[in-house]
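# Descriptive structure summary
Take a look at the letters that make up each chain.
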Amino acid sequence: FAILHIALENLRTGSLANASILRGLIFVLVAIVIGIIAEQNDRLKNELQKITNAMLDIVMQVRYDGNIEYITPSVETVLGFSPPGHERNLFIQIYPS
């Protein structure tokens, strides 16, 4: 936040050259922070994937129209069919035509 304060002060005083440099520094700082956040997000996704691969419960994410967004790999162990090969609509699974 100190860099932001200095940048705003330079903009107020009219020091355009310094302000341009500071804008560049702020841009780099924001890019670094976004990279760190993305890296942490990927790490958390990997940890959650390990957990869902190891559990024996079936967990599904289903949209309002019945389409399955996500289903845990344990569906193969518990129900006997692999996740890519199953019907993608829960309503068709429950009430086949």
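A quick note: this is a predicted structure, and the numbers were derived from the prediction, not measured.

On to the overall build of the protein, then. Secondary structure assignment for the protein yields four helices and two strands. Moving toward the C terminus, one meets the helices and strands of the protein in the order α-α-β-β-α-α. Buried positions account for 14% of the 97 residues belonging to the protein. Across the protein, every contact between residues at least 6 apart in sequence was considered, and the portion connecting residues at least 24 apart equals 12%. Here the protein displays about 7,700 Å² of accessible surface, and carbon together with sulfur accounts for 65% of that area.

The subject of this paragraph is the environment of N53. Mapped onto the elements of the fold, N53 is located in helix α2 (residues 16–54). Overall, the relative accessible area of 45% leaves N53 in the partly exposed class. The spatial distance from the C-alpha of N53 to the C-alpha of S74 is 7.0 Å, given a sequence separation of 21 residues.

So, about the confidence of the model for the protein. In this model, the protein carries an average pLDDT of 79, and 70% of its residues clear a pLDDT of 70 or more. Of all the helices and strands in the protein, helix α1 (residues 2–13) carries the lowest mean pLDDT, 66, while strand β1 (residues 60–62) carries the highest, 86.

Take the side chain of T52 next. If you trace the backbone, T52 turns up in helix α2. Side-chain polar atoms of T52 contact the side chain of Y70, separated by 3.3 Å. Beyond its immediate stretch of four places on either side in the chain, T52 contacts Y70, T72 and P73.

Note on strand geometry: in a regular strand, side chains alternate between the two faces of the sheet. For β1 and strand β2 (residues 68–71), the ladder comprises three bridges, and the chain directions are antiparallel. By the bridge assignment for β2, Q61 is matched with Y70. Taking the residues between adjacent antiparallel strands as the criterion, β1 and β2 are bridged by five residues, where G66 takes a positive phi near 95°.

Quick notes on the rules
- Residue numbering note: each chain is counted from 1, following its sequence as written.
- For a predicted model such as this one, the threshold for reporting local features is a pLDDT of at least 70, and the threshold for listing and counting side-chain atom pairs is 80 or more; totals across whole chains, interfaces and linings nevertheless cover every residue.
- Processing note: side-chain calculations cover all non-hydrogen atoms of the structure and skip hydrogens and water entirely.
- Where helices and strands are cited, they refer to DSSP runs of H or I of at least four residues and of E of at least two residues respectively, numbered from the N terminus.
- Whether a residue is buried, partly exposed or exposed follows from its accessible area with a 1.4 Å probe, protein chains only, as a fraction of its type maximum: under 20%, in between, or over 50%, in that order.
- In this analysis, two residues are considered to be in contact whenever any of their non-hydrogen atoms come within 4.5 Å of each other.
- All accessible areas in this document rest on Shrake-Rupley with a 1.4 Å probe, and a residue is counted as covered only by the protein chains that are shown.
- Per-residue confidence from the predictor is reported as pLDDT, which spans 0 to 100.
- Think of a polar contact as two N or O atoms within 3.5 Å of one another; within protein, one of them needs to be a possible hydrogen donor and the other a possible acceptor, and neighboring residues in sequence only count if both atoms come from side chains.
- A pair of strands counts as paired when DSSP detects no fewer than two bridges linking them.

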